[in-house]
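Examination of the molecular architecture
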Amino acid sequence: MPSAIVTGAAGGMGQAIARGLGDAGFRVIGVDRSAPPSTVEAVVGDVRDEAVARQAFDHATRSEEAVFLIANAGVTVPGAPQTRAAWDETLDINLTAPFLWGGVYAEYVASGRITSGAMVFIGSLATVMGFPNNPAYQASKAGVLGLSRAFAYDLGSKGIRVNCVSPGYIATSMT
């Protein structure tokens, strides 16, 4: 059975993504600061921690099947004017963490521990259009698109598909 790692799996879109992948026959490794629903294998920790990423990939690569990464975890901290602390937190979680997770995925591909699968980065409407009073979110989600393109370029020749999905408003606690 293929494995899927879903960051931000304890609530909102991440929880729905994890549930849907489980229903579709994936072995789901849910990653979040609090335990994701019992329908998934849980890795509890901060998505900004490389050790958490490696723990999740070690779980996912226990089988010989494909490994999928859904980099979903995200925050938004609007404000006018937006503070430097809000900027740092938003970029760290929304852009630096997906870079870290994609990099660990790429290492596992290079080592032969992952031979097939895909990475899906979750963008937003802000990936391609502006929002008021939230430059950090705007910049982070635009960056996710560029990050997706970079990983697609680097991993496509190895048979790994990389996409950025940019949904509109979805009723979650964040929105």
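One can find the structure itself at the top, above this paragraph.
**Side note on the pattern of salt bridges**
- The tally for this structure, following the rule as stated, stands at seven salt bridges.
- The salt bridge involving Asp 46 is made with Arg 48; its shortest N-O contact spans 2.8 Å.
- A residue is classified by how much of its surface remains accessible, and Asp 46, at 25% relative accessible area, is partly exposed.
- Here Asp 88 makes a salt bridge to Arg 84, at a shortest N to O gap of 2.9 Å. With Asp 88 and Arg 84 both in helix H3 (residues 84–111) and four residues apart, the pair spans about one turn of that helix.
- A single salt-bridge network, built from bridges that share partners, covers Asp 46, Arg 48 and Asp 92.

**Quick word on the nonpolar core**
- In this structure, Ile 5, Val 31, Phe 57, Trp 101 and Tyr 105 are the most contacted members of the largest nonpolar core, which totals 32 residues.
- At the level of secondary structure, the elements contributing two or more residues to this core comprise strand E2 (27–32), helix H2 (50–60), strand E4 (67–71), H3, strand E5 (117–122), helix H4 (135–155) and strand E6 (160–165).
- No other element matches the eight residues that H3 contributes to this core.
- In this view, Phe 57 contacts Ile 5, Val 67, Leu 69, Trp 101, Val 104, Tyr 105, Tyr 108 and Ile 114; residues no more than four positions away in its chain are not counted.

**Some words on H2**
- All buried positions along H2 are accounted for by Val 52, Ala 53, Ala 56, Phe 57, His 59 and Ala 60. Take H2 and look down its axis: the buried residues cluster within an arc of 155°, on one side only.
- Buried residues in H2 make contact with strand E1 (3–7), E2, strand E3 (41–44), E4 and H3.
- Where H2 starts, the residue carrying a side-chain oxygen 2.9 Å from the main-chain nitrogen of Ala 51 turns out to be Asp 49.

**A closer look at the sheet that holds E3**
- The strand order across the open sheet formed by six strands is E3-E2-E1-E4-E5-E6, and the pairing between neighbours is parallel. Only two strands of the sheet have a single neighbouring strand rather than two, namely E3 and E6. Between one strand axis and the next, the sheet turns through 15° on average, direction left out of account.
- The sheet contact formed by E2 and E3 spans four bridges and is parallel. Within the sheet, the bridge partner assigned to Val 31 lies in E3 and is Val 43.
- Here H2 sits on the sheet in contact with E1, E2, E3 and E4, set at roughly 170° to E2.

**Observations regarding the pairing of E5**
- A large share of E5 lies buried, amounting to six of its six residues.
- Residues of E5 alternate between two faces, with Gly 117, Met 119 and Phe 121 on one and Ala 118, Val 120 and Ile 122 on the opposite face, all of them buried.
- When E4 meets E5, the two strands line up parallel, connected through five bridges. Residue pairing across strands places Phe 68 opposite Ala 118, the latter belonging to E5.
- As a crossover connection, the stretch from E4 through H3 into E5 is right-handed.
- Bridging between E5 and E6 involves six bridges; their strand directions are parallel. By the bridge assignment, Val 120 is partnered in E6 with Asn 163.
- One crossover worth recording links E5 to the parallel E6 by way of H4, and it is right-handed.

About the criteria used
- All residue numbers refer to position in the chain's written sequence, counted from 1.
- Given that the model is predicted, a residue must reach a pLDDT of at least 70 before its local features are reported, and side-chain atom pairs must reach 80 or more before they are shown or counted; all residues, however, enter totals for whole chains, interfaces and linings.
- Heavy atoms throughout the structure, all of them, feed into the side-chain values; hydrogens and water do not.
- When a carboxyl oxygen of Asp or Glu lies within 4 Å of a side-chain nitrogen of Lys or Arg, that pair is called a salt bridge.
- The buried label applies to any residue whose accessible area, calculated with a 1.4 Å probe on protein chains only, is under 20% of its type's maximum; exposed applies above 50%, and partly exposed to all values in between.
- Here a helix means four or more residues in a row that DSSP labels H or I, a strand means two or more in a row labelled E, and each is numbered from the N terminus.
- By convention a nonpolar core is built from buried Ala, Val, Leu, Ile, Met, Phe, Trp, Tyr and Cys residues, the set being connected through side-chain atoms within 4.5 Å.
- Whether two residues are in contact is decided by their heavy atoms: any pair within 4.5 Å suffices.
- What the arc describes is the spread of directions from the helix axis to the C-beta atoms.
- Polar contacts, as used here, are pairs of N or O atoms within 3.5 Å; protein pairs need one atom able to donate a hydrogen and one able to accept it. Residues neighboring in sequence count only if both atoms are side-chain atoms.
- In this description, strands pair whenever DSSP reports at least two bridges between them.
- As a rule, the C-alpha atoms of each element are fitted with a line to give its axis, helices using only the stretch in contact, and angles between N-to-C directions run from 0 to 180 degrees.
- Think of it like this: strands point away, you trace from the first strand over the helix to the second, and a clockwise trace means the crossover is right-handed.

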